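The residues making up each chain are set out below.
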Amino acid sequence: MRDEIEKVNSETIQKRDDVILGESHDGHRVLHHPQSRQYFRLGLREAKFYDSLVDAATKNSLYELHKGEFSPEEIDAITDWFRQQGLLAGGDIIETKEEKRSFFGNILQFLLRPDSFRFTIWDPNATLDYFRKSINLMFSPAAIALYIFIFISPVLLLFARPDLGASAIRDFTPLNFQIVLVAYIAILIINAFHELAHAMVCKAFGGNVHKIGLLFLYFSPVVYSDVSDSWRFTSRSQKIAVASAGIAFQLILTSIGLCLWLITSNAIIAYVVFANTMLALINLFPFIKLDGYWIVAHILNEPNLMSKSRELVLGKIRDLVVNHRIQTPDNERSAVLAFGMVSSVVVPAFWMLGLYGLYYRLSQISPLVAMIVVSAFSIGLLYRVYLAARVEVSKISGYRSS
Ligand SMILES: [Zn+2]
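Conventions and cut-offs
Residues numbered from 1 in each chain as written. Predicted model: local features only at pLDDT ≥ 70, side-chain atom pairs only at ≥ 80, totals over all residues. Helix = DSSP H or I, 4+ residues; strand = E, 2+ residues; numbered from the N terminus. Buried ≥ 20, exposed ≤ 12 C-beta atoms within 10 Å, placed from the backbone. Contact = placed C-beta atoms within 7 Å. Pairing = 2+ DSSP bridges. Axes fitted to C-alpha atoms, helices over the stretch in contact; angles between N-to-C directions. Core = buried A, V, L, I, M, F, W, Y, C linked by C-beta atoms within 7 Å. Domains from an automatic or database assignment. Nonpolar A, V, L, I, M, F, W, Y, C, P; charged D, E, K, R; others polar.

Structural notes on the overall build of the protein
Looking only at helices and strands, one finds 17 helices and 6 strands in the protein. Across its three principal directions, the C-alpha atoms of the protein cover 90 × 55 × 45 Å. Taken over 402 residues, the protein has a buried fraction of 22%. Restricting to contacts in the protein with at least 6 residues of sequence separation, those with at least 24 account for 68%.

And the structure:
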């Protein structure tokens, strides 16, 4: 036992040099772990302590160094937590898991967590830096005024020429293969620009964007742009602007499209406008990790809203099981709790919808292949539910015995 204590005390403690510590804001600082793409909110005291771990130190030397400021127990608890979260140099569990995985390990990981896989297509950062001056111009007050004018222009046009609306509706043609094809290609291109809009707004406020790529959201491929650097911004409205940039771009495009449709009476434009607007609105749905989710996360100032809110809901269930009562939360937490309650219904529903969609698409090729693939993913999902349930049961029995 004595040896063990000695060993723990002599273990070196040093911060990771790639972890980014944001500026102080609202009595906390946001810490960004780029390897695991996680964010942590630290109190100013703890953040200062973390920031001071530049050189490798032992616990004993830290006890000495922070005497009067932190108790040894506090230092133990904080450094243990840093280690568990993979925030210390060396012995980093998260990093080795990500990097050293075999081929079969990768397949297994994909079956277990298809949602955590990200394929990077392009690192736009250097290009964005190159066009930085033009990007800044695009977000000048004059440019913003222009966007607002474009946004309301279909209404102005209809006021000036009401006859255009009547003729556009008269010339409407039903959907055919050509229209579907053109609309599909247009939506793909619009999607690429949607991601670029996120990246450009992030760059305009001084953030870096190193990844634009593909991820799988409930088994459907989705283009994403990694604007997580915006969590370092101290202004909440800047963060919200980055998260809403893609949708704002699409809505401006809707206005331009409506004007073009009114002027040309071309039905293809009307279909593209409709598809574009619907996709933008779906993107606002906050309970799955689309743009709407990140907007709400910024409004509630909660970088890990999904896991935090789920933990709150589970905490209430534990409370009910162990103490047979639920404590009422304070205001800000009750918003997070409400989010968690809705998302714990919505998220499983989306997994099931996603599995069904995957089965439907694959069964067009081969029902057998569809059956095998969907079964494999289902087993993976059930295994995750089992692991989570096991942790919960052990927590509840832990409370009971203590
Ligand atoms: Zn987006």
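Quick look at the sheet that holds strand S2 (residues 28-33)
Read from one edge to the other, the open sheet built from 3 strands follows the order S1-S2-S3, with strand pairing classed as antiparallel. A strand with exactly one partner marks an edge of an open sheet, and here the two such strands are strand S1 (20-21) and strand S3 (38-43). Where S2 lies against S3, 6 bridges are found, and the strand directions are antiparallel. Counterpart to His28 in the pairing with S3 is Gly43. Sheet contacts for helix H2 (residues 44-51): S1, S2 and S3; angle to S3, the most-contacted strand, approximately 110°.

Quick look at the sheet that holds strand S4 (residues 118-122)
Taken in spatial order, the 3 strands make up an open sheet running S4-S5-S6, and their pairing is antiparallel. If you trace the sheet from one side to the other, it starts and ends with S4 and strand S6 (220-225), each paired once. Looking at each pair of strands side by side, their axes are set apart by 30° on average, direction ignored. Direction of pairing for S4 relative to strand S5 (residues 212-217): antiparallel, over a ladder of 4 bridges. Bridge pairing in S5 places Phe119 opposite Leu214. Here helix H11 (residues 177-204) sits on the sheet in contact with S5 and S6, set at roughly 35° to S6.

Quick notes on the nonpolar core
Of all hydrophobic cores here, the largest spans 24 residues; its most connected members are Ala197, Ala199, Met200, Val201, Cys202, Val242 and Ala245. Taken together, the elements giving at least two residues each to this core come down to H11, helix H12 (236-264), helix H14 (291-299) and helix H16 (331-363). When residues of this core are assigned to domains, at least three fall in each of domain 2 (107-299) and domain 3 (305-401). Beyond its immediate sequence surroundings of up to four residues, Ala199 is in contact with Pro124, Leu128, Val209, Ile212, Ser225 and Val227.

Looking at the domain arrangement of the protein
Looking at the assigned domains, one finds that the protein contains domain 1 (2-84), domain 2 (107-299) and domain 3 (305-401). For domain 1 versus domain 2, the distance between C-alpha centres works out to 40 Å. Each partner contributes residues to the interface: domain 1 has 8 residues there, and domain 2 has 4 residues. A breakdown of the residues in the side of domain 1 that touches domain 2 according to their chemical character gives 3 nonpolar, 3 polar and 2 charged.

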